[in-house]
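# Topology and contacts: notes
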Amino acid sequence: MDEEAIDTSKAHPARRYNYWLGGKDNFAADRESGDAIANIWPHIVIAARANRAFLKRAVTYCVAEAGIRQFLDIGTGMPTADNTHEVAQQLAPESRIVYVDNDPMVLAHARALLTSDPAGATSYIDADLRRPADILTDPALRATLDLTQPVALMLVAVMHFVPETAEPYRLVHTLMDALPAGSHLVLTHASSAMIPRPAAEQLSTASFPGRDDFYDRDPQQIAKFFDGLNLVEPGLQIVSDWRPDPASPNVPPEQVSVYGGVAVKPA
């Protein structure tokens, strides 16, 4: 890998998210950008951690209740606690996971994502969500996953970085169309719907170091990603309200403002 491909002078969503989660795989630009956002909306760290907790609960549901043993995790982000393979293989060691990301630093840390249980398998693909055909035809995917059997497609906190010009709904449908009946879509999407309007406007118009494009969508627009699929109860929710852990503190929805859901592809 070309180390020069990692530009440490500009913030990157994956590394900034790692910072908010308390990780160490980030640079000054990521921290500066993360702090600038937190200064406008102080609940961003709560939101990031609620999103990560949702991932754990959603993977647990897919394995323990839906019987899924294969995961395609796109927009993986920096390895941290409770990665998809760790949650899945703790419950079902034979689970098989393919991670996909296009950030060179995530690629550099991919070995942390490949510590599979011997009974299962993990692999990593350096590819872009906006080119789904590259993902679906990659030899690593075909060697790791059996696409005749159900797969959980994980799109956690990634679609809000995809503009309308890239046809985000088509991208999701293309990926789901390649998967068999019984496959699941696990998707979360940040939204300004519950953020106070002054803060939301400032986040969308302010210029701060490392600010990258964020494509805001309301709950109705987020729900469209699940068109043609059957949402699992309780449907599309603020992520902290989706099958919450009774032992965890209750988080007010307005401190999260990230929507998420799990849906199954019908026969």
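The sections below set out a description of the structure shown in this document. Since this is a predicted model, take the numbers as computed values, not measurements.

Next up on the list: the pairing of strand S1 (residues 70–74). By the criterion of burial, S1 is predominantly enclosed, with five of the five residues buried. By the alternation rule, side chains of S1 split into Gln70, Leu72 and Ile74 and Phe71 and Asp73, which are all buried. As defined by bridge partners, S1 adjoins strand S2 (residues 96–101) across five bridges and the pair is classed as parallel. Following the sheet pairing, Gln70 is matched in S2 by Arg96. With respect to chirality, the unit in which S1 leads through helix H4 (residues 84–91) into the neighbouring parallel S2 is right-handed. Summarising the sheet, S1 and strand S4 (residues 152–156) pair through three bridges and their orientation is parallel. Each bridged residue has a counterpart across the sheet, and for Leu72 the counterpart in S4 is Leu153.

Note on aromatic pairs: each is described by the distance of the centres and the angle between the planes. Following the criterion strictly, the structure yields three aromatic pairs and no others. Pairing Tyr61 with Trp242 gives two aromatic rings, centres 6.2 Å apart and planes at 90°, and the pair type is edge-to-face. In this pair, Tyr61 is assigned in helix H3 (residues 44–64) and Trp242 in the loop between strand S7 (237–238) and strand S8 (258–264), connecting sequence segments 181 residues apart. The pair formed by Tyr61 and Trp242 is uniform in burial state, with each residue classed as buried. A centroid spacing of 4.4 Å and a plane angle of 35° characterise the contact between Tyr169 and Phe225, whose relative ring orientation is tilted. Pair noted here: Tyr169 is in helix H8 (residues 168–177) and Phe225 is in the loop between helix H10 (219–223) and strand S6 (230–231), with a separation of 56 residues, a long-range link. Look at Phe225 and you get buried, because its relative accessible area is 0%. Taken together, the ring pairs in this structure connect Phe54, Tyr61 and Trp242 into an aromatic cluster. Across from the ring centre of Tyr169, 4.5 Å away, lies the NZ or CZ of Lys224, which sits over that ring.

In this structure, Asp128 sits in the loop between strand S3 (121–126) and helix H6 (132–136). Classification of Asp128 as buried rests on a relative accessible area of 9%. Sequence separation between Asp128 and Pro168 is 40 residues; the distance between their C-alpha atoms is 13 Å. The residues touching Asp128, leaving out its near neighbours within four places in the chain, are Asn102 and Ile135.

Cis rather than trans, the peptide bond between Glu233 and Pro234 has omega equal to 10°. At Arg243, a position not held by glycine, the phi torsion is positive, near 45°. Along the chain, the position of Arg243 falls in the loop between S7 and S8. Residue Ser257 is not a glycine yet carries a positive backbone phi of 50°. Locating Ser257 in the fold gives a position in the loop between S7 and S8.

Among the structural elements, Asn51 can be located in helix H3. Apart from residues no more than four positions distant in its own chain, Asn51 is found in contact with Tyr17, Val156, Ala157, Thr188, Val239 and Val258.

A separate point is the environment of His160. Structurally, His160 can be placed in the loop between S4 and H8. Along the chain, His160 and Ala121 lie 39 residues apart, while their C-alpha atoms are 29 Å from each other. Contacts of His160, omitting those with residues within four sequence positions, involve His189, Ala190, Asp213, Phe214, Tyr215 and Arg217.

Turning to the pattern of salt bridges, a few remarks are in order. Tallying each qualifying case throughout the model produces nine salt bridges. Across the pair Asp30 and Arg15 runs a salt bridge whose closest N-O atoms are separated by 3.1 Å. Of this pair, Asp30 sits in helix H2 (residues 28–40) while Arg15 sits in helix H1 (residues 13–20); the two residues are 15 residues apart in sequence, bridging distant segments of the chain. Assessed through its relative accessible area of 0%, Asp30 is described here as buried. Among the ionic pairs, Glu164 bridges to Arg217, the shortest N-O distance being 2.8 Å. Residue Glu164 is located in the loop between S4 and H8, and its partner Arg217 is located in the loop between helix H9 (197–205) and H10; the two are separated by 53 residues in the primary sequence. With relative accessibility at 2%, the residue Arg217 sits in the buried group. The network of salt bridges with shared partners includes Arg15, Asp30 and Asp103.

Quick notes on the rules
Each chain carries its own residue numbering, running from 1 in the direction its sequence is written. Under the rules for a predicted model, residues below a pLDDT of 70 receive no local features and side-chain atom pairs below 80 are neither given nor counted, while totals for whole chains, interfaces and linings still include all residues. Where side-chain values are given, they derive from all heavy atoms of the structure, hydrogens and water being excluded. Burial classes follow relative accessibility: with a 1.4 Å probe on protein chains only, a residue under 20% of its type's maximum area counts as buried, one over 50% as exposed, and anything between as partly exposed. Helix and strand definitions follow DSSP, with helices as H or I runs of at least four residues and strands as E runs of at least two, each counted in order from the N terminus. Two strands qualify as a pair provided DSSP detects at least 2 bridges between them. Look down the strands so they point away from you; if the path from the first strand over the helix to the second goes clockwise, the crossover is right-handed. Ring pairs shown here join Phe, Tyr and Trp side chains whose ring centres sit within 6.5 Å, with only the six-membered ring taken for Trp; geometry is labelled stacked below 30 degrees between planes, edge-to-face above 60, and tilted in between. Only lysine NZ and arginine CZ atoms are considered, and such an atom sits over a ring when it is within 6 Å of the ring centre and within 35 degrees of the ring normal. Here, two residues are considered to be in contact whenever any of their heavy atoms come within 4.5 Å of each other. The working definition used for a salt bridge is a side-chain nitrogen of Lys or Arg within 4 Å of a carboxyl oxygen of Asp or Glu.

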